[in-house]
Amino acid sequence: MPKNLLNDEELKQLVSGSEYLSGTGEKKAFDHHVVLQESDDLLRTLFFSIVKETTGTEFYESLVAVYELSEKFHESQSDADFKALADKLGSLDKEESMMLASAFSNILNLHNVSEHVASAMEERHARLDDIPRGPAKTTNGAIKGLVARGTTPEQIYAALCEQEVDLVLTAHPTQALRRSMLKNFGRIRGYLLDLQRSRLSGYERAELLGGMTSAIQAAWRTDEIRRNPPKPQDEMRAGLSYFNDTIFAGYPQFCKRIDTALQNQGLPRIPFDHSIMRFSSWMGGDRDGNPNVTAECTRDVVYLARVTAVNLYFTEIQKLIFSLSMWRCTPSFSARARAILDEADKKADGDVYEMRKRRNYSDFWRSIPPEEPYRVILAEVRDKLYNTREALQEVISGKRHALDPEDDSVICAKEQLLEPLMACYDSLKEVGDGVVADGFLLDLIRQVHNFGMGLVKLDIRQESDRHADALDAVTKHIGLGSYAEWDEERRTAFLVGELESKRPLIANDLECSAEVKEVLDTFKMIAHLQKVCPGSLGTYVISMATAASDVLAVVLLQRECGGDPAALLNVAPLFERLDDLRDGPAQLRRLFSVPWYHKHIKGKQEVMIGYSDSGKDAGRLAAAWALYEGQEMATHVGNEFGVKLTLFHGRGGTVGRGGGPSHLAIMSQPPATINGRLRVTVQGEVIEQNFGEHENCFHTMDLYTAATLEHTLKPPDGPVDEWREVMATMEKTSCARYREVVFQTPEFNPYFIQATPGQELGSLNIGSPPPQRK
């Protein structure tokens, strides 16, 4: 901390005179604006003191002068004040200008921290009923509201037991801040929340301010610019950090809140084996426009996620061993524990116990007595998790080719971890220790059910033309001509014929380009990972999908590259451009009309819709209406063929990527299009906003669950015919005007390049993909 900072009168006044950050305990009243202002004032005061201490008086005075001139112009908007600000900036040399830009970047980031804190505090005060909350933005509020509007508790319970919400974390658009910066800002956020919530002594408050000052100075002295571009594996590591920090621990807590809301309506808890909120990822799986995402890269991120999952489970098992110290258990459970001890005694010279000692377990490495049967069982689970972690690290380092699903000493599938946990749970329940069973053990069971051994399911995404190129190489090699030149009818007939046939299609001596080889290698890697890392992969998404054959091609390539026909990945066409959104329902009808495919999907199909590319293609209004009508028509086609559609919304944080309030966005979807099933991307910077802090993480899960439940049971009314006619006219007019400006005006591109920082952003090392897709 800068010298004498705690004695600074301005700082003392800010803290002691603060309504929310004085360290006197949580207040019942809440004012978002006051919290934001107080947080900003405190962080800015600390930052300015740090700048003065680290750079000297001269630059400090320049920074304060520019800040005050900026404030003055903001309030007056006068030419004279603008000129004064411009003159001051113009007087700085290059080095001072760079430092000033960095300082203001830090000020803006600290303001973002203040906003996160104010939002987290507002969410907490709303849950405490200190302030009113908008309708149904919590699951508890949605349940109460639905009951008040005539929905029976039994209907609500049935809907929740079938509801499937999947949040898909993506690295694009990229989070611009380095993880080092995010970690420091996360520390600052935690200190601010402690100041607001806790009753602190003078020493404790000084220690918090000291920690806050340390984090602010660390951020100020950290290079904001990545000097090397991140790899997809690095992006996955960044994404996994949110599971370590908030998501993994937050999920069972959220489930308990749902249980309480249901119990208040006289209903049982959500079944253990139902995951009300799931998580997936595109990091290291999205190869569309990113040549750095290869088959080996996908393998790497799957194993990275598995190591993270095993580490989390290992920590929880260690805690559980301490918790389950009881001796009462069922006879069968006692016999199981005795068998484990007998097997350990047979090994020479206490091998099991020596092994545990070498592994430096926190405790319980010596012989555990049979009077502690739960600890005996869990100690064996701990050993297997340790073995699994060692094996995974050997795979990642190249010392081992892959996990061996037949190896009993490691855990590959979540069922292997669930079985001993459920045995503990059932025994505790049967002997009257149900309260203990419903504590940490239930939390862990729910975590295993939800996250599995892979922690997060990895989607694979590739462009449709790349699959067509691969099949073109195959058909040319076997003398059938050029697949690329065939029309849709011939393509479909060929693909269906091959899917119905059992003969191999792809020859071992196939000659192909490097691009085609990479596509085939990816499908081979998918087949491999499905065998050795079950449950780690999610959906195969086809970007720029235009036809039914695009989907059939991916199904065929999966099978031909070694995939188990009974365990192929679900395939989701992504309709992105205006024409594709309009034609998508027709292509789904064509797809579902194929008897082989209709049988293969077993009544379920996922369809992704793109907000960003459709907006760039047709303009926001035309794209929004096409997305609305496309969902309606796609759902109608699904109903016609008895297929339950899951619509996957490729939304981002900005308006141009479909961004906006999540609850409102879900409730604005067409009636009967969600039906308890929803997938949504959480992109780049939005991940930090939604999951960077525990309150915000909880709020995100609560909001998506509530909105999906409400839309399913009490969907909004659809537009009347008159409104549809107006929207059709507006769509046509706006699309024509947008395309005229963007695509037909020669001056637009030069203007856009000069008016936006696209080229400058493209030169920064903020993401693994190239700055532009082809």
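See above for the structure.
These numbers were taken from a predicted model, which means no experiment stands behind them.

1. Description of the overall build of the chain
Along the backbone of the chain there are 30 helices and eight strands. Seen along its three principal axes, the alpha-carbon backbone of the chain occupies a region of about 80 × 80 × 60 Å. Counting across all 774 residues of the chain, residues that qualify as buried make up 52%. Sequence separation of at least 24 residues holds for 81% of the intrachain contacts in the chain that already meet a minimum separation of 6. Side-chain charges in the chain split into 89 positive and 112 negative, and the spacing between the mean points of these groups amounts to 4 Å.

2. Brief notes about helix 24 (residues 620-640)
Between its first and last C-alpha atoms helix 24 spans 30 Å; for 21 residues at 1.5 Å apiece the expected length is 30 Å, and the two agree. Those residues of helix 24 not exposed but buried are Ala 622, Ala 623, Trp 625, Ala 626, Leu 627, Tyr 628, Gly 630, Gln 631, Ala 634, Thr 635, Val 637 and Gly 638. Buried positions along helix 24 lie against helix 21 (578-592), strand 6 (604-610), helix 23 (612-618), strand 7 (644-650) and helix 28 (721-744). Where helix 24 ends, the next residue or the one after it, Gly 642, has phi of about 70°, a positive value.

3. Examining the sheet that holds strand 7
Around the barrel, which closes on itself, the eight strands sit in the order 1-2-3-4-5-6-7-8 with parallel pairing between neighbours. Across the sheet, the mean angle from the axis of one strand to that of its neighbour is 25°, orientation sign disregarded. Relative to strand 3 (residues 457-463), strand 2 (residues 277-281) is paired through two bridges, and the arrangement is parallel. Bridge pairing links Ser 280 to Lys 457 in strand 3. Relative to strand 5 (residues 570-575), helix 20 (residues 548-560) is tilted by about 150°, and along the sheet it contacts strand 4 (537-543) and strand 5.

4. Here we look at the packing of aromatic side chains
Scanning the model with the defined rule gives 28 aromatic pairs in all. Relative to Phe 451, the ring of Phe 248 lies with its centre 5.3 Å away and its plane at 40°, an arrangement referred to as tilted. With Phe 248 in helix 10 (residues 232-263) and Phe 451 in helix 16 (residues 434-451), the pair connects residues that are 203 residues apart, well separated along the chain. When its relative accessible area of 3% is taken as the criterion, Phe 248 is described as buried. An aromatic cluster of at least three residues, connected via ring pairs, comprises Phe 243, Phe 248, Tyr 251, Phe 279, Tyr 313, Phe 451 and Phe 691. One Lys or Arg, Arg 389, reaches over the ring of Phe 314 and ends 4.6 Å from the middle of that ring.

Conventions we followed
- Residues numbered from 1 in each chain as written.
- Predicted model: local features only at pLDDT ≥ 70, side-chain atom pairs only at ≥ 80, totals over all residues.
- Heavy atoms only, no water.
- Helix = DSSP H or I, 4+ residues; strand = E, 2+ residues; numbered from the N terminus.
- Buried < 20%, exposed > 50% of the residue type's maximum accessible area, 1.4 Å probe, protein only.
- Contact = heavy atoms within 4.5 Å.
- Lys, Arg positive; Asp, Glu negative; His and termini not counted.
- Charge placed at Lys NZ, Arg CZ, Asp CG, Glu CD.
- Expected span 1.5 Å × (residues − 1).
- Pairing = 2+ DSSP bridges.
- Axes fitted to C-alpha atoms, helices over the stretch in contact; angles between N-to-C directions.
- Phe/Tyr/Trp six-rings, centres within 6.5 Å; stacked < 30°, edge-to-face > 60°.
- Lys NZ or Arg CZ within 6 Å of the ring centre and 35° of its normal.

Shape is all these values report; function is a separate question.
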